[in-house]
Amino acid sequence: MSTESSNPLLHHRISRELGIEIIDERWVAGQARTLEDIQSRFGVSRTVSREASRQLESMGLVRTRRRLGLVAQPIEEWSVLDPQLIDWRLHSTRREDQIYSLTQLRLAVEPAAAESAARLASIHTRARLLPLAAEMRRTGEAGQLQEFLAFDIEFHSLLLKSCGNELFAALSDLVAVVLQGRTELGLMPAQPKPEALAGHEAVAEAVFRGDPAAARAAMQAILDEVREAFSEAEREHARRP
C-alpha cells in the first residue's frame, strides 16, 4: 500500500509545513511556487499537492495566480481567526507575536463575556461553572495538566457561549486552541498558580450570583495573570542554553 493511500490526511501535514514557512517568512510574500514544486519536494501526487494548496488558499496564506502558481500572501490577507492557522502560528517562530495578539483579544472579549453571562445566562448554565472551577482546582493542585486543560477549555467555552453574544460565542474554538497551545508549548507551569485557580472560582461565583461587575473584574484578573505567565515562560525559555 502506498504512503498516500495509507495516509489520507497527508495533505494536512504538507499544508501545515508550507503554512508555517509562510508564517516564518521562509516562503516570503509575493514569492510563487507551483504544484509541481510541491509534488517534487514531498514526493506526492498532483492530487495531494492540489489539496494542500486548496487548504492554504482557504486560509488566505496563498493565492493562485495564472502562469505563476501559488503566491504567498502578506499577513493582511490571512484568515487570522481560523483556529487551525492560530495553531500553526503558535508552533512557528512567531509564536510570541501570536500569543500577544491573542491575549489582547481575550482581554477585550472575555471580561465582557463574563459580565454578560452573569446578567443573561440561565441559572442552570451559571450553576455549571461552579463544579468546573472546583474540578480545575482539584486537577490543578494535583498537577494533572491534561485533565486541568479539559476543564479549563470547558469553563471558558461555556462563558463565551452563554453570554448572549453570537460573535463572542464563535470565538470559543479559538480560545480552546490557545489554551491547548499554551500547554503543548510548555507555557503552563507544572502546577497552575493558586491565584489562577482562585480567579476561576471567583468568576464562577460572581456569575452564579448574577453579579456582572464582579464577574468582569475576576475575569480581568485571570487574564492579567495569563499575560504575566506568558511573559515569565518566555523569559525562562530565553535563559535556557
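Read on for an overview of the structure. (Residues numbered from 1 in each chain as written. Predicted model: local features only at pLDDT ≥ 70, side-chain atom pairs only at ≥ 80, totals over all residues. Heavy atoms only, no water.)

1. Some points on the environment of Gln84
Line of reasoning, step 1. As for its placement among the helices and strands, Gln84 is situated in helix H5 (residues 83-90).
Line of reasoning, step 2. With 68 residues separating them along the chain, Gln84 and Arg16 place their C-alpha atoms 9.0 Å apart.
Line of reasoning, step 3. When residues no more than four places from it in sequence are discounted, the contact partners of Gln84 are Gln55 and Met59. (Helix = DSSP H or I, 4+ residues; strand = E, 2+ residues; numbered from the N terminus. Contact = heavy atoms within 4.5 Å.)

2. Structural notes on the pattern of salt bridges
Line of reasoning, step 1. A complete count under the given rule lists 16 salt bridges for this structure.
Line of reasoning, step 2. The salt bridge involving Glu21 is made with Arg41; its shortest N-O contact spans 2.4 Å. Note that Glu21 is positioned in helix H2 (residues 10-23) and Arg41 in helix H3 (residues 35-42), a separation of 20 residues in sequence.
Line of reasoning, step 3. Owing to a relative accessible area of 6%, Glu21 belongs among the buried residues under this scheme.
Line of reasoning, step 4. Residue Arg41 is classed as partly exposed on the basis of its relative accessible area of 40%.
Line of reasoning, step 5. Arg94 serves as the salt-bridge partner of Glu25, at 2.9 Å between the closest nitrogen and oxygen. Of the two residues, Glu25 sits in the loop between H2 and strand S1 (32-33) while Arg94 sits in the loop between H5 and helix H6 (95-120), which places them 69 residues apart along the sequence.
Line of reasoning, step 6. Among the residues examined, Arg94 registers a relative accessible area of 32% and is labelled partly exposed.
Line of reasoning, step 7. Sharing partners across several salt bridges, the network here consists of Arg13, Glu17, Glu21, Asp24, Arg26, Arg33 and Arg41. (Salt bridge = Lys/Arg side-chain N within 4 Å of Asp/Glu carboxyl O. Buried < 20%, exposed > 50% of the residue type's maximum accessible area, 1.4 Å probe, protein only.)

3. A few points about the packing of aromatic side chains
Line of reasoning, step 1. Across all of its chains, the model carries zero aromatic pairs by this definition.
Line of reasoning, step 2. Above the face of the Trp27 ring, Arg33 is positioned so that its terminal group lies 4.3 Å from the ring centre. (Phe/Tyr/Trp six-rings, centres within 6.5 Å; stacked < 30°, edge-to-face > 60°. Lys NZ or Arg CZ within 6 Å of the ring centre and 35° of its normal.)

4. Focus on the side chain of Gln98
Line of reasoning, step 1. Tracing the backbone shows Gln98 in helix H6.
Line of reasoning, step 2. Take Gln98: its relative accessible area is 2%, and that puts it in the buried class.
Line of reasoning, step 3. Dropping the residues within four chain positions of it, Gln98 is found in contact with Ile86, Arg89 and Leu90.

5. Remarks on the sheet that holds strand S2 (residues 62-65)
Line of reasoning, step 1. Strand order in the open sheet formed by three strands is S1-S3-S2, and the pairing between neighbours is antiparallel. The sheet is open, and its two borders are formed by S1 and S2, each paired with just one other strand.
Line of reasoning, step 2. Two elements, S1 and strand S3 (residues 69-72), share two bridges in a ladder whose sense is antiparallel. By the bridge assignment for S3, Arg33 is matched with Leu70.
Line of reasoning, step 3. Those strands touched by helix H4 (residues 46-58) are S2 and S3, and its axis lies near 120° from that of S2. (Pairing = 2+ DSSP bridges. Axes fitted to C-alpha atoms, helices over the stretch in contact; angles between N-to-C directions.)

6. Structural notes on a nonpolar patch on the surface
Line of reasoning, step 1. Among the surface-exposed residues, Ile75, Val80 and Leu81 lie close enough to one another that they form a single nonpolar patch of about 240 Å² accessible area.
Line of reasoning, step 2. Secondary-structure assignment places Val80 in the loop between S3 and H5.
Line of reasoning, step 3. On the accessibility criterion, Val80 (35% relative accessible area) is partly exposed. (Patch = residues over 30% accessible without salt bridge, like charges linked within 9 Å, V, L, I, M, F, W, Y side chains within 5 Å. Areas by Shrake-Rupley, 256 points an atom, 1.4 Å probe, with all protein chains shown as cover.)

7. Regarding the environment of Glu201
Line of reasoning, step 1. Topologically, Glu201 is positioned in helix H11 (residues 194-209).
Line of reasoning, step 2. Spatially, the C-alpha atom of Glu201 lies 14 Å from that of Glu141, the residues being 60 residues apart in sequence.
Line of reasoning, step 3. Residues in contact with Glu201, not counting those within four places in the same chain, are Ala133 and Arg137.

8. Quick word on the packing of H2 against H3
Line of reasoning, step 1. Where H2 meets H3, the closest approach of the two axes is 12 Å, and the angle between their N-to-C directions is 110°. What the angle tells us is that H2 and H3 run roughly perpendicular. Where H2 crosses over H3, the two elements pack in a sense that is right-handed. Taken together, the residues of H3 that come into contact with H2 (itself represented by Arg13, Ile14, Glu17, Leu18 and Glu21) are Ile38, Arg41 and Phe42.
Line of reasoning, step 2. By residue class, the composition of the contact of H2 with H3 is four nonpolar, no polar and four charged. (Parallel < 35°, antiparallel > 145°, perpendicular 65-115°, else oblique. Left-handed = near helix turned anticlockwise from the far one by under 90°. Nonpolar A, V, L, I, M, F, W, Y, C, P; charged D, E, K, R; others polar.)

9. A closer look at H6
Line of reasoning, step 1. The end-to-end C-alpha distance of H6, which contains 26 residues, comes to 35 Å, matching closely the 38 Å that a straight helix rising 1.5 Å per residue would cover.
Line of reasoning, step 2. The largest bend in H6 comes to about 30°, at Arg106. (Expected span 1.5 Å × (residues − 1). Bend = angle between axes of the 7 residues up to and from the residue.)

10. Quick look at the nonpolar core
Line of reasoning, step 1. Phe155, Leu159, Val203 and Val207 are the most contacted members of the largest nonpolar core, which has 44 residues in total.
Line of reasoning, step 2. Among the secondary structure elements, those contributing two or more residues to this core are H5, H6, helix H7 (123-141), helix H8 (145-161), helix H10 (172-184), H11 and helix H12 (212-239).
Line of reasoning, step 3. When residues in this core are grouped by element, the largest group, nine residues, is from H6.
Line of reasoning, step 4. Grouped together as the second largest cluster of nonpolar side chains are 22 residues, Leu18, Ile20, Ile22 and Phe42 included. (Core = buried A, V, L, I, M, F, W, Y, C linked by side-chain atoms within 4.5 Å.)

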